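Here's the letter readout for the chains.
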There are 2 protein chains.
Amino acid sequence: MHFAPSSPIGIFDSGVGGLTVARAVMERLPRESIVYFGDTARVPYGVKSPDTVARFARQIAEFLLARDVKMLIIACNTMAAVAYEEIRAISPVPVLEVIDAGARTAVARTRNRRIAVIGTPSTIASGAYLEAIERHDDSGMFIAAQACPLFVPLVEEGWLDHPVTRLTAFEYLTPLLAQNVDTLVLGCTHYPLLKPMLASVMGQGVRLVDSAEAVSERVEDLLRAMDLENPGPGEPEHVFHVTDVPQRFREVGERFLGRKLGTVLVESI
Amino acid sequence: MHFAPSSPIGIFDSGVGGLTVARAVMERLPRESIVYFGDTARVPYGVKSPDTVARFARQIAEFLLARDVKMLIIACNTMAAVAYEEIRAISPVPVLEVIDAGARTAVARTRNRRIAVIGTPSTIASGAYLEAIERHDDSGMFIAAQACPLFVPLVEEGWLDHPVTRLTAFEYLTPLLAQNVDTLVLGCTHYPLLKPMLASVMGQGVRLVDSAEAVSERVEDLLRAMDLENPGPGEPEHVFHVTDVPQRFREVGERFLGRKLGTVLVESI
């Protein structure tokens, strides 16, 4: 495997959610090429067992490494929670992931040292955010965690500020409000689309941490530190690989990416 | 492949939803053995493309046929909609499925000849219920169809009569109420768990058709007609094969099955 500063960044997720990470990277680093992989035939991972998630994650990482990426970004909290070490072990290039990035930003932003994390059931059950926050600050912050399994299907339905979504948010978030947190980590790549609604439910005193933005900052830092920024010239390329083209794929994908999807290739892995 | 009257019935679904069909078959035919297959590693199928669903369905049918089942039941509306003919082509034993059974019962029950069908996006987009209803009555009944993508995650969250679920149901069902239908087909194996709530939203004038019950009646008829009823003696066996044991699998599975899950085996296909 050979990579160079002009090589693409590999970004992967269980489905379309990671497109919020691709979007954040495109906005921050418009000269970089991106190869995205979304495992749309087997999505969602959030309710699957750790062994299955790790097996799928390895298959995807190998697919991207074979395309000479210069960096891997695990744009899926579930895979980051259970498969980061395994992917790092097989990767000759640096591996970044959303959980560490989100945790780091949350630690930097909290003032009262009380942080809440929301995510899929498997991300929350893994305790990965708790571990990551404690890795960045071991002085015993208060951390509350809440699984929000309905947010992903609500986002995919496009009910971003629908009364149903708002009522669901109150159900999930009221216990967190009672804990007097000042920072809420959006621990799932689908959640940035709910940001305005979540901000209004949590109120002005709570800062939202978007892991997609957080990881794009880390990508910029690391490319600079390793002297791997794309020097140009030439337009960056954005290629999207998926394992299935489900109903409404473009509509949903473009809502996540915030722009037109270009080339979409269907792969069997 | 060899089967006999004492052989099991093979029932399969993309996940746990088909357990409502297994339950209806167990209740109606308590002497029959059952081999269940739920593709929990790749669930849900409802948003995947027809080609992918058909490929997965063939793999599962082959797995069950290798276990000498005397009959196959496609307990998944999505697979029934797109893969019935393909499975019938490879199966040496009879194949029943939920859509034809539900359509037949709806045609028999409607009085004003106005039927509504609800299901996942892919089941509704396939038009399979429309086709099946017209196969049983070609005199031009009025048929309304509505995709309800959030019902599956709401059922799996256990919010069977939660205000969020009720509000979601009003959102999806109000257009159907306006059509003056007298029969509502629950075109997804998850929906029987919402039956009391759906009945109250639709009101007394609307009959609900549960495809799980409908298919179990067809199983009974066919076993009798083919003289394939299990003659006993000996206790029936119920074995459950899944491709993953996700978070809360037993809890969710037992809610669907209405009793304890016995032996659960994890398979890789």
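Small disclaimer: the values here were computed from a predicted structure and weren't measured.

1. With respect to the UniProt feature "active site" (unreviewed entry) in chain A
All names here are of chain A.
Part 1 of the reasoning: The UniProt feature table records "active site" (unreviewed entry) at Cys76 and Cys188. Of the residues just listed, which span 113 residues, no C-alpha pair is farther apart than 7.0 Å, and they cluster in one region.
Part 2 of the reasoning: Along the chain, Cys76 turns up in the loop between β3 (71-74) and α3 (77-90).
Part 3 of the reasoning: The residues contacting Cys76, other than those within four sequence positions of it, are Phe12, Asp13, Ser14 and Val98.
Part 4 of the reasoning: Here Cys188 lies in the loop between β7 (183-186) and α9 (195-202).

2. Remarks on helix α4 (residues 98-109) of chain A
What sets the pattern is the α-helix's 3.6 residues per turn: residues three or four places apart point alike.
Residues and elements named next belong to chain A.
Part 1 of the reasoning: With 12 residues, α4 should reach 16 Å at 1.5 Å per residue; the first-to-last C-alpha distance of 16 Å fits that figure.
Part 2 of the reasoning: For α4, the tally of buried residues reaches nine of 12 residues, placing the bulk of the element in the interior.
Part 3 of the reasoning: If you check which residues of α4 are buried, you get Val98, Ile99, Asp100, Ala101, Gly102, Ala103, Thr105, Ala106 and Val107.
Part 4 of the reasoning: Taking the backbone nitrogen of Ile99 as reference, a side-chain oxygen 2.6 Å away marks Glu97 as the first, capping residue of α4.

3. Some words on the environment of Thr120(B)
Residue and element names in this part refer to chain B.
Part 1 of the reasoning: With respect to the helices, strands and loops of the structure, Thr120 is situated in the loop between β5 (114-119) and α5 (121-126).
Part 2 of the reasoning: Sequence separation between Thr120 and Leu19 is 101 residues; the distance between their C-alpha atoms is 17 Å.
Part 3 of the reasoning: Apart from the residues lying within four places of it in its own chain, the contact partners of Thr120 are Gly46, Thr78, Ala147, Cys188 and Tyr191.
Part 4 of the reasoning: Separated by 3.0 Å, the side chains of Thr120 and Thr123 make a polar contact.

4. Here's the deal with the UniProt feature "binding site: substrate" (unreviewed entry) in chain A
Residue and element names in this part refer to chain A.
Part 1 of the reasoning: In the numbering used here, UniProt assigns the feature "binding site: substrate" (unreviewed entry) to Asp13, Ser14, Tyr45, Gly46, Asn77, Thr78, Thr189 and His190. Despite a sequence span of 178 residues, these residues sit close together in the fold, their greatest C-alpha distance being 12.8 Å.
Part 2 of the reasoning: Topologically, Gly46 is positioned in the loop between β2 (34-38) and α2 (50-65).
Part 3 of the reasoning: Since its relative accessible area comes to 8%, Gly46 is described here as buried.
Part 4 of the reasoning: Not counting the four nearest positions on each side in its chain, Gly46 is found in contact with Thr78, Thr120, Pro121 and Ser122.
Part 5 of the reasoning: In this fold, Thr78 is placed in helix α3.
Part 6 of the reasoning: Classification of Thr78 as buried rests on a relative accessible area of 5%.

5. Things to note about the domain arrangement of chain A
Residues and elements named next belong to chain A.
Part 1 of the reasoning: Parsing chain A into structural domains produces domain 1 (9-97 + 213-266) and domain 2 (99-211).
Part 2 of the reasoning: Here domain 1 and domain 2 have C-alpha centroids that lie 22 Å from each other.
Part 3 of the reasoning: Buried surface at the junction of domain 1 and domain 2, both sides included, amounts to about 1900 Å², of which 52% is carbon and sulfur.
Part 4 of the reasoning: Three residues, Asn77, Glu97 and Arg255, lead the burial of domain 1 against domain 2; their summed loss comes to 29% of the area buried on that side.
Part 5 of the reasoning: For the interface between domain 1 and domain 2, the tally reads one salt bridge.

6. A word on the interface of chain B and chain A
Part 1 of the reasoning: Tallying the contact residues gives 30 residues for chain B and 30 residues for chain A.
Part 2 of the reasoning: Buried surface at the junction of chain B and chain A, summed over both partners, amounts to about 2400 Å²; 61% is from carbon and sulfur atoms.
Part 3 of the reasoning: Where chain B touches chain A, the interface holds zero salt bridges.
Part 4 of the reasoning: Taken together, the connections running from chain B to chain A amount to 12 residue pairs in polar contact (both at pLDDT 80 or more).
Part 5 of the reasoning: Of the residues forming the side of chain B that touches chain A, the biggest block, six residues, is contributed by helix α8 (residues 163-177) of chain B.
Part 6 of the reasoning: When grouped by side-chain class, the residues that make up the side of chain B that touches chain A number 17 nonpolar, eight polar and five charged.

7. Remarks on the packing of aromatic side chains
All names here are of chain B.
Part 1 of the reasoning: Using the criterion set out here, one finds 12 aromatic pairs over all chains in the structure.
Part 2 of the reasoning: Plain terms: the ring middles of Phe151 and Tyr172 are 5.3 Å apart, the flat faces sit at 85° to each other, and that makes the pair edge-to-face. Here Phe151, found in helix α7 (residues 151-157), pairs with Tyr172, found in helix α8; they are 21 residues apart in sequence, far enough to count as distant.
Part 3 of the reasoning: Looking at Phe151, the relative accessible area reads 0%, which means it is buried.
Part 4 of the reasoning: For Tyr172, a relative accessible area of 3% gives the class buried.

8. Describing the sheet that holds strand β9 (residues 238-242) of chain A
Residues and elements named next belong to chain A.
Part 1 of the reasoning: Ordered by their spatial adjacency, six strands build an open sheet running β4-β3-β1-β2-β9-β10, and the pairing between neighbours is parallel. The open sheet is flanked by β4 (95-97) and β10 (263-266), the only strands paired with a single partner. Neighbour-to-neighbour, the strand axes of this sheet turn through a mean angle of 20°, independent of strand direction.
Part 2 of the reasoning: Both β9 and β10 contribute to a ladder of four bridges, which runs parallel. Paired with Phe240 across the bridge in β10 is Val264.
Part 3 of the reasoning: With respect to the sheet, helix α1 (residues 19-28) is in contact with β1 (9-13), β2, β3 and β9, its orientation differing from that of β2 by roughly 170°.

9. Section: the packing of helix α8 (residues 163-177) of chain A against α8(B)
Part 1 of the reasoning: The geometry of α8(A) relative to α8(B) is characterised by a closest axis approach of 9 Å and an angle of 175° between their N-to-C directions. In terms of their interaxial angle, α8(A) and α8(B) are classed as roughly antiparallel. Residues Pro163(A), Val164(A), Leu167(A) and Thr168(A) of α8(A) form the contact with α8(B), whose participating residues are Pro163(B), Val164(B), Leu167(B) and Thr168(B).

Parameters at a glance
- Residues numbered from 1 in each chain as written.
- Chains lettered and ligands numbered in written order.
- Predicted model: local features only at pLDDT ≥ 70, side-chain atom pairs only at ≥ 80, totals over all residues.
- Heavy atoms only, no water.
- UniProt positions renumbered as here; feature names shortened; annotations may be inferred.
- Helix = DSSP H or I, 4+ residues; strand = E, 2+ residues; numbered from the N terminus.
- Contact = heavy atoms within 4.5 Å.
- Expected span 1.5 Å × (residues − 1).
- Buried < 20%, exposed > 50% of the residue type's maximum accessible area, 1.4 Å probe, protein only.
- Polar contact = N/O pair within 3.5 Å; in protein donor to acceptor, adjacent residues only side chain to side chain.
- Domains from an automatic or database assignment.
- Buried area = accessible area lost by both parts, 1.4 Å probe.
- Salt bridge = Lys/Arg side-chain N within 4 Å of Asp/Glu carboxyl O.
- Nonpolar A, V, L, I, M, F, W, Y, C, P; charged D, E, K, R; others polar.
- Phe/Tyr/Trp six-rings, centres within 6.5 Å; stacked < 30°, edge-to-face > 60°.
- Pairing = 2+ DSSP bridges.
- Axes fitted to C-alpha atoms, helices over the stretch in contact; angles between N-to-C directions.
- Parallel < 35°, antiparallel > 145°, perpendicular 65-115°, else oblique.

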